[in-house]
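Next come the chains, spelled out residue by residue.
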Amino acid sequence: MANRMNNQEPCILLDLILALFETDNTDKAKEVIKNGIKRIDRGM
């Protein structure tokens, strides 16, 4: 079950990033990307 949750996280992050870019909130989008990369690195 935990793996399924982890597999959904990248899609959720990508949806959020896209929404931020669409509203021209690129600084926040960059922050979300950096945090996502850190979480992925910790997960491996």
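Residues numbered from 1 in each chain as written. Predicted model: local features only at pLDDT ≥ 70, side-chain atom pairs only at ≥ 80, totals over all residues. Heavy atoms only, no water.

### Considerations on unusual backbone geometry
Its identity is not glycine, yet Asp-24 carries a phi of approximately 60°, on the positive side. In this structure, Asp-24 sits in the loop between helix H1 (2-22) and helix H2 (26-43). (Helix = DSSP H or I, 4+ residues; strand = E, 2+ residues; numbered from the N terminus.)

### Remarks on the pattern of salt bridges
Tallied over the entire structure, the rule returns one salt bridge. Salt-bridge contacts for Lys-28 lead to Glu-31; the nearest nitrogen and oxygen are separated by 3.4 Å. Of the two residues, Lys-28 and Glu-31 are both situated in helix H2; the distance of three residues between them amounts to about one turn of the helix. (Salt bridge = Lys/Arg side-chain N within 4 Å of Asp/Glu carboxyl O.)

### So, H2
Spanning 18 residues, H2 covers 26 Å between terminal C-alpha atoms, matching the ideal 26 Å at 1.5 Å per step. All buried positions along H2 are accounted for by Ala-29, Val-32 and Gly-36. Each buried residue of H2 lies within a common arc of 60° when the element is viewed along its axis, so the set occupies one face. Turned more than 90 degrees away from the buried face of H2, the exposed residues are Asp-27, Lys-34, Lys-38, Asp-41 and Arg-42. (Expected span 1.5 Å × (residues − 1). Buried < 20%, exposed > 50% of the residue type's maximum accessible area, 1.4 Å probe, protein only. Arc of directions from axis to C-beta.)

Read these as geometric descriptors, not functional statements.
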